Amino acid sequence: MNQVMSPVGVDNHFELLQMPVRFRLDLAELDRHYLEMQTRVHPDRSANLSDAERRLHLQWATLTNEAYQTLKQPLARARYLLKIRGVDTQEEDNTAMPTEFLLEQIDWREELQTAAGDRDACALGRLVTRLKVERNTLFETLATLLDDDHKLPAAAALVRQLAFLDKLGRDINDALAALED
Amino acid sequence: MAYNDKVIDHYENPRNVGSFDKEDDGVGTGVVGAPACGDVMKLQIKINDEGVIEDAKFKTYGCGSAIASSSLVTEWVKGKTVEQALAIKNTEIAEALALPPVKIHCSVLAEDAIKAAVSDYKAKSGTAEDGYKVCQSAA
């Protein structure tokens, strides 16, 4: 990069990291592109630049980090992909989840409460495993909806479900961490 | 964040925690959830022959404000007709518990749970939207 360009013209995180705009990503490629970008705009290379160019380098570095953090996490990536396609996932205000799904969430929560109350590390471990399977299944469906079928509202509904599983996963981990105290 | 005393009281001593049989015809079950915080709330109402809610139970997995909001509404709906219960607004819940702005969605969840429970009950009892028997006494 002889002359430092402004990142203003970059449309989105995918373009910034030179990745195809889709949900299924080659994560090794993503890592590689991220490292290349980071090397190009590393502060060590800003030493001989003007103040203005140094500021642009910093902007690139910040945007690159943000793009990478978003794209490497599947849930954040799906949410972002929907956003740039103009679909709001309505995670703040849509409480109309399928009843079956919510009843399942209650079952999960009850099991978690029991396992945590009994300080049963094995039961918590089984929950972790089951949750992983459940999440993988939902992410596969999400990939189909986003990349193959282009059913964006259905994908947004699935993102809302996955948001619950994310929270559940964090709470299971908290319960496991509490056992070590 | 500092919770106010009423929230803490409802959180530490939640009223009406539990379940009714959701297959029971006189029971309406509402389950709602907020993706942003991962809270899940189940609220059940038991309605007698006069169309009055004689008991209510809840199970909420979430933050203190969500538990307090659902505990409070189970107390409020008892003795009310389903129509009166539907009139409960999230703003009243938020005000009663002095919820801070970031926790307003917990009161929205509680209001949505009542609505869901009532519509489940109506669907089961087969009463039409425009003329349900439970309202006749109030008319």
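Residue numbers here run from 1 along each chain, matching the order of that chain's written sequence. Here every chain gets a letter starting at A, and every ligand a number starting at 1, in the order they are written. Local features in a predicted model are, by the rule used here, given only for residues with pLDDT of at least 70; side-chain atom pairs are given and counted only at 80 or more, and totals for whole chains, interfaces and linings are based on all residues. Side-chain calculation: all heavy atoms of the structure are included, whereas hydrogens and water are not.

## Thoughts on the interface of chain B and chain A
- Contact definition: two residues touch when any of their heavy atoms are within 4.5 Å. Across the boundary between the two partners, chain B contributes 16 residues, which contact 17 residues of chain A.
- In total, chain B and chain A occlude about 1,500 Å² of area from one another, counting both sides; carbon and sulfur atoms represent 69% of this.
- When residues of chain B are sorted by the area they lose upon contact with chain A, Val 31, Pro 35 and Tyr 61 of chain B head the list and together hold 42% of the total.
- We call two N or O atoms a polar contact when they sit within 3.5 Å, provided that within protein one can donate a hydrogen and the other can accept it, with sequence-adjacent residues counted only if both atoms are side-chain atoms. Connecting chain B to chain A are two residue pairs in polar contact (both at pLDDT 80 or more).
- Elements that contribute at least two residues to the side of chain B that touches chain A include exactly strand E1 (27-34), strand E2 (39-47), strand E3 (53-61) and helix H5 (104-125) of chain B.
- For helices the rule is a DSSP run of H or I covering at least 4 residues; for strands it is a run of E covering at least 2, with both sets numbered from the N terminus onward. Broken down by element, the residue count for the side of chain B that touches chain A peaks at four residues, all from E1 of chain B. Buried area: the sum, over both parts, of the accessible surface (1.4 Å probe) that disappears when the two are put together.

## Quick notes on the domain arrangement of chain A
- Split by domain assignment, chain A resolves into domain 1 (2-72) and domain 2 (99-178).
- Source of the domain bounds: an automatic or database domain assignment. Using only C-alpha atoms to locate each centre, domain 1 of chain A and domain 2 of chain A end up separated by 32 Å.

## Concerning the side chain of Asn 16 of chain B
- With respect to the helices, strands and loops of the structure, Asn 16 of chain B is situated in the loop between helix H1 (5-12) and E1.
- Within the structure, Asn 16 of chain B has its side chain in polar contact with the side chain of Thr 74 of chain B (distance 2.9 Å).

## Thoughts on the pattern of salt bridges
All names here are of chain A.
- The term salt bridge refers to a pairing of a side-chain nitrogen on Lys or Arg with a carboxyl oxygen on Asp or Glu at a separation within 4 Å. All chains considered together, the criterion is met by 17 salt bridges over all chains.
- Taking the shortest distance from any N to any O, the salt bridge between Arg 130 and Glu 111 comes out at 2.8 Å. With a gap of 19 residues between them, Arg 130 in helix H6 (residues 121-148) and Glu 111 in helix H5 (residues 99-117) connect regions that are remote in the sequence.
- Given the relative accessible area of 35%, Glu 111 is considered partly exposed.
- The network of salt bridges with shared partners includes Arg 24, Asp 147 and Asp 148. Note on exposure labels: buried denotes an accessible area under 20% of the residue type's maximum, exposed denotes more than 50%, and partly exposed covers the range between, all computed with a 1.4 Å probe on protein chains only.

## Observations concerning the pairing of E1 of chain B
Residue and element names in this part refer to chain B.
- Counting buried positions along E1 gives eight out of eight residues, so the element sits mostly inside the fold.
- Judged by which residues are buried, E1 turns out to be covered on both faces: Val 27, Thr 29, Val 31 and Gly 33 on one side and Gly 28, Gly 30, Val 32 and Ala 34 on the other are all buried.
- In this analysis, strands are considered paired if DSSP registers two or more bridges between them. The sheet contact formed by E1 and E2 spans eight bridges and is antiparallel. Residue pairing in the sheet places Val 31 in a bridge with Lys 42 of E2.
- Joining the antiparallel neighbours E1 and E2 is a turn of four residues, in which Gly 38 adopts a positive phi near 75 degrees.

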